[in-house]
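# Understanding the architecture of this molecule
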Amino acid sequence: QVQLVESGGGLVQVGGSLRLSCAASRSIFSIYTMGWYRQASGKQRELVSTITIGGTTNYADSVKGRFTIARDNAKNTVTLQMNSLKPEDTAVYYCNAKNGFAYEFWGQGTQVAVSS
């Protein structure tokens, strides 16, 4: 069992930056995949980025080159650095922890709003 708490969301202008953080209630050393998803109003939840236990990263095409995911296993956190933000990035961002079919946990989400 793990609880995930996101923080760092807020309002930002086009081209600005935000850094989202996800704090886990226990060690994430054994969690195979940590990631971020987002859900815009009226749209389906979509993958933003993931990072595996070995450090392999994956990004949605829409955020490649602008977002960077990282995990700090010692601090039980995963972050998402978001640069060059666009209005299309406006969404609720959710932290995710997954070990194949063993378990999957979600945070409550943090709102990101990019104004033009």
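Report follows, based on the coordinates. It should be emphasised that the depicted structure is a prediction, and the values quoted were computed from it without experimental measurement. (Residues numbered from 1 in each chain as written. Predicted model: local features only at pLDDT ≥ 70, side-chain atom pairs only at ≥ 80, totals over all residues. Heavy atoms only, no water.)

### Examining the side chain of N73
Looking at the secondary structure, you find N73 in the loop between strand 7 (67-72) and strand 8 (77-82). Given the relative accessible area of 16%, N73 is considered buried. Apart from residues lying up to four places away in sequence, N73 is in contact with I28 and F29. (Helix = DSSP H or I, 4+ residues; strand = E, 2+ residues; numbered from the N terminus. Buried < 20%, exposed > 50% of the residue type's maximum accessible area, 1.4 Å probe, protein only. Contact = heavy atoms within 4.5 Å.)

### Brief notes about the nonpolar core
Counting residues in hydrophobic clusters, the biggest one holds 31 residues, and the most contacted among them are L4, M34, W36, L80, M82 and Y93. Elements that contribute at least two residues to this core include exactly strand 3 (18-24), strand 4 (33-39), strand 5 (46-52), strand 7, strand 8, strand 9 (91-99), strand 10 (103-106) and strand 11 (110-115). Not counting chain neighbours up to four residues away, the residues in contact with L4 comprise C22, A23, A24, M34, C95, N96, A97, F105, W106, G107 and Q108. (Core = buried A, V, L, I, M, F, W, Y, C linked by side-chain atoms within 4.5 Å.)

### Looking at the pairing of strand 8
Of all six residues that make up strand 8, five are buried, and the element is covered over most of its length. Note that strand 3 and strand 8 share six bridges and pair antiparallel. By the bridge assignment, S21 is partnered in strand 8 with T79. Inspection of the sheet shows strand 7 paired to strand 8 by six bridges, in the antiparallel sense. When the bridges of strand 8 are listed, A70 appears paired with T79. The antiparallel pairing of strand 7 with strand 8 creates a hairpin that spans four residues between the two strands, and N76 there sits at a positive phi of about 60°. (Pairing = 2+ DSSP bridges.)

Coordinates in, geometry out; function isn't part of it.
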